[in-house]
Amino acid sequence: MCGIIGYIGKEEAKPIILNGLRRLEYRGYDSSGIALVGKEGIFLCKAPGKLTVLNNLLTQEIPSARLGIGHVRWATHGEVNEINAHPHLDCKGEIAVVHNGIIENYHLLKEKLIKEGHLFLSQTDTEVIAHLVEKYYHGNLEEAVRKALKELKGAYSLGIISQREPEKLIGVRLGSPLIVGTGKNGNFIASDIPAILDYTNLVFYLNDQEMAIITEKQIEIKDFQGRLLKRKVNKIEWDISLAEKNGHPHFMLKEIYEQPWVLNQICRRRIYEEKILWEEMGFSDKELLGFKKIFIVACGTAYHAGLVGKYILEELAGIPVEVEVSSEFRYRYPLLDKNTLILAISQSGETADTLACIREAKQKQIRVISICNVLGSSIARESDGVIYTHAGPEIGVASTKAYTAQLGILYLFAFYLAGLKKKIAEEKLSHLIGEFKNLPLHMETLLKDEGEIKKIARRFFSANCFLYLARGRDFPNALEGALKLKEISYIHAEGYPAGEMKHGPIALIDENMPVVCIVPQGKLYEKMFSNIQEVRARKGKVIALATQGDEIIKAHADEIISLPKIDELFTPFLTVLPLQLLAYHIAVLRNCDIDQPRNLAKSVTVE
Ligand code: AGP
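Residues numbered from 1 in each chain as written. Predicted model: local features only at pLDDT ≥ 70, side-chain atom pairs only at ≥ 80, totals over all residues. Heavy atoms only, no water.

**Student:** Go over the environment of Gly318, please, and point to the residues and values.
**Tutor:** Along the polypeptide, Gly318 turns up in the loop between helix H10 (300-317) and strand S19 (321-325). In this structure, Gly318 is in contact with Leu313, Lys421 and Lys423, ignoring residues within four places of it in sequence. (Helix = DSSP H or I, 4+ residues; strand = E, 2+ residues; numbered from the N terminus. Contact = heavy atoms within 4.5 Å.)

Pasting the structure below:
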């Protein structure tokens, strides 16, 4: 996820753009850049690293300009460096573009444009847009942009300016958010509200397939066919700190709600005409087929994702999988050989224990693929191959959207291996991929139940201990739900395989013990139902996550959270959401510090 801002008006553009980028830095912070249109044409400045690096470059005198665009990058295509930072220019340096999203067909477009004589400087997908606009520019920037859009496939929000038309700022939206702001001293485009709230609280929302043609005095909103659209202005009531969380009180809640988008991005980026794409994984199919065992190493939430990965990879791809917490892996004697693949999972890509594991594996010539969220992070750089989750920056210490993204990658990896090993027929695989692509919709539906979960939190927030029970693929979510509760509400909680409860923890159960039971329809339903009855027989309070319309469970639970009906293979994507919300609302009721819980850090870079 990146951040875009654009300005045109009476004021000097530079300070407004830089301030906007500062407000957007939470969206991406591995590089940044600015393009200004002054009397001498386009002034471009960009730099890898934090925004302060760009600010320091701009202290010297720069040309006066009242039109500009800026960008903070969360790198997706192309490594983190100055050339790949946005804005990107056309061959003549007369058109500048900033972009948030993915151009799925950029390879094809880039090849074609190079054949037509265009000179590319970066590895990014974005640069093709600048050259396409150049190709179609014959004196009308709006028309050139519209023609260029016809060739793009993917999700994008764009800011475009040209020194050929220094009175015009163009914004485009398809699949990535973009708003238009209107103030007394000028007009704006931005990825979201924080970037412009210091200057105006009057905004127009662009819908998909719409563009805004903006001058100092006028804003026109048109569809991609050029038809003028009527749009009412909205007054934003938020204060700035809320705005940085898109109106959510905490980053954690914002990131919980981003999960359908994250999974949608994974589908857009990695599934193309039923094929699964691994841009930067770095292993051939032949090499992947050579692995006879996978060893997953990770910590915390990433470890729980690895456990789900074990179930899926063994079930679909028929490959033995071991999963170990990184801090244990190194001090036991794991049986590894040249046919073992180490799969390291890490949101931050900086977790010391996991980094130590891959270093150890590399010393033993064991090959490593990492699943990371932060581009260019240590674990990503030191692995033989990397699969990025592209979940955007995860600010809340309690990991949520990164977990879902890790699950998404692990499921696609299992589908891919299953296809390579011919464990699953083409037809079945394409059905599963179809089901996978529908998950974001089901997740959206489930998140609408937040109110019900808030009520449950209100009933149990003063409990001293929770038990989370589940079976099969959902068992890791019992661990994850317990971890979420522990780390943000400071209530002790334990995730346990439901079948194992009677071998000890059942002694804990009494009328004061809330027991979360994950019991979707599926082959383990009856078993879970018996466990629920064992809890009830000891007066435990059952909070059941059950498939919509399940009247039996409803009659045997104290609280019910309904899950959309889906193929049981995919339940982990759904059952984790209510557990995140439950932990969140309990922690709010206990006045805990949600985004920065005590004793914790977002990335544990010490062993
Ligand atoms: C999860 O909510 C915790 N913040 C923590 O367990 C985290 O998952 C763990 O430290 C691993 O972090 P990583 O994914 O960045 O390696």
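Picking up after the structure, the text goes on.
**Student:** Pulling in residues and values, what's your account of the nonpolar core?
**Tutor:** Counting 97 residues, the largest nonpolar core has Ile294, Phe413, Phe415, Phe436, Phe466, Tyr468 and Phe570 as the members making the most contacts within it. Sort the elements by how many residues they give to this core and helix H14 (residues 401-420) lands first, with 13 residues. Apart from residues no more than four positions distant in its own chain, Phe570 is found in contact with Tyr411, Phe415, Leu432, Glu435, Phe436 and Leu439. Membership of the second largest hydrophobic core comes to 29 residues, among which are Ile129, Ala130, Tyr137 and Met211. (Core = buried A, V, L, I, M, F, W, Y, C linked by side-chain atoms within 4.5 Å. Buried < 20%, exposed > 50% of the residue type's maximum accessible area, 1.4 Å probe, protein only.)

**Student:** Describe in detail the packing of H14 against helix H15 (residues 426-447), supporting the description with residues and values.
**Tutor:** Relative orientation of the contacting elements H14 and H15 amounts to 170°, with a least axis distance of 10 Å. For the element pair H14 / H15, the angle class is roughly antiparallel. Facing H14, whose interface residues are Thr404, Gly408, Tyr411, Leu412, Phe415 and Gly419, H15 presents Leu429, Leu432, Ile433, Phe436 and Met443. Looking at the contact of H14 with H15 residue by residue, the class counts come to 8 nonpolar, 3 polar and no charged. (Axes fitted to C-alpha atoms, helices over the stretch in contact; angles between N-to-C directions. Parallel < 35°, antiparallel > 145°, perpendicular 65-115°, else oblique. Nonpolar A, V, L, I, M, F, W, Y, C, P; charged D, E, K, R; others polar.)

**Student:** Explain the sheet that holds strand S7 (residues 154-162) to me, and be specific about the residues and the numbers.
**Tutor:** The strands making up a sheet are joined through hydrogen bonds of the backbone, oriented either antiparallel or parallel. Taken together, the 7 strands give an open sheet; going across it, the order is S5-S6-S7-S8-S12-S13-S14, and neighbouring strands pair in antiparallel fashion. Edge positions in the open sheet fall to strand S5 (88-89) and strand S14 (228-229), since each of these has one partner strand only. Note: S5 against strand S6 (residues 95-103), 2 bridges, orientation antiparallel. Directly across from His88, in S6, lies its bridge partner Val97. Set on the sheet, helix H5 (residues 141-151) makes contact with S7, strand S8 (169-174), strand S12 (210-214) and strand S13 (219-223); between it and S7 the angle comes to about 160°. (Pairing = 2+ DSSP bridges.)

**Student:** How would you sum up the site of the ligand? Please name residues and give values.
**Tutor:** Contacts to the ligand come from 14 residues, most closely from Ser346, Gln347, Ser348, Thr351 and Glu487. Interatomic distance of 2.8 Å between a backbone N/O atom of Val397 and a nitrogen atom of the ligand. One of the side-chain N or O atoms of Glu487 is found 2.4 Å from an oxygen atom in the ligand. Protein contact buries 91% of the 410 Å² of open area that the ligand shows by itself. (Near = heavy atom within 4 Å. Polar contact = N/O pair within 3.5 Å; in protein donor to acceptor, adjacent residues only side chain to side chain. Areas by Shrake-Rupley, 256 points an atom, 1.4 Å probe, with all protein chains shown as cover.)

**Student:** Can you lay out the packing of helix H16 (residues 450-460) against helix H20 (residues 571-589) for me, pointing to particular residues and giving the numbers?
**Tutor:** In the contact formed by H16 and H20, the axes pass within 9 Å of each other and the chain directions differ by 50°. Overall, the two elements H16 and H20 adopt an arrangement that is oblique. Between H16 and H20 lies a crossing of right-handed hand. For the pair formed by H16 and H20, the contact residues are Glu450, Ile453, Lys454, Ile456, Ala457 and Arg458 on the first element and Pro578, Leu581, Leu582, His585, Ile586 and Leu589 on the second. Among the residues forming the contact of H16 with H20, the class breakdown is 8 nonpolar, 1 polar and 3 charged. (Left-handed = near helix turned anticlockwise from the far one by under 90°.)

**Student:** Hey, could you go over the environment of Glu568 for me, with residue numbers and the actual values?
**Tutor:** You can see Glu568 is positioned in the loop between strand S27 (559-563) and H20. Judged by its relative accessible area of 27%, Glu568 is partly exposed. Between the C-alpha atoms of Glu568 and Pro520, which are 48 residues apart in sequence, the distance is 7.5 Å.

**Student:** Can you break down the packing of aromatic side chains residue by residue, with the values?
**Tutor:** The description of an aromatic ring pair rests on the distance of the ring centres and on the angle between the ring planes. For the structure shown, the criterion picks out 13 aromatic pairs. Relative to Phe413, the ring of Trp278 lies with its centre 5.9 Å away and its plane at 80°, an arrangement referred to as edge-to-face. Taken together, the residues span a long stretch of sequence, with Trp278 in the loop between strand S17 (275-276) and helix H9 (285-290) and Phe413 in helix H14 at a distance of 135 residues. The class for Trp278 is buried, based on a relative accessible area of 11%. With a centroid separation of 5.9 Å and 85° between ring planes, the pair formed by Trp278 and Tyr416 is classed as edge-to-face. Residue Trp278 is found in the loop between S17 and H9, and its partner Tyr416 is found in helix H14; the two are separated by 138 residues along the sequence. (Phe/Tyr/Trp six-rings, centres within 6.5 Å; stacked < 30°, edge-to-face > 60°.)

Treat this as a map of the structure, not an account of what it does.
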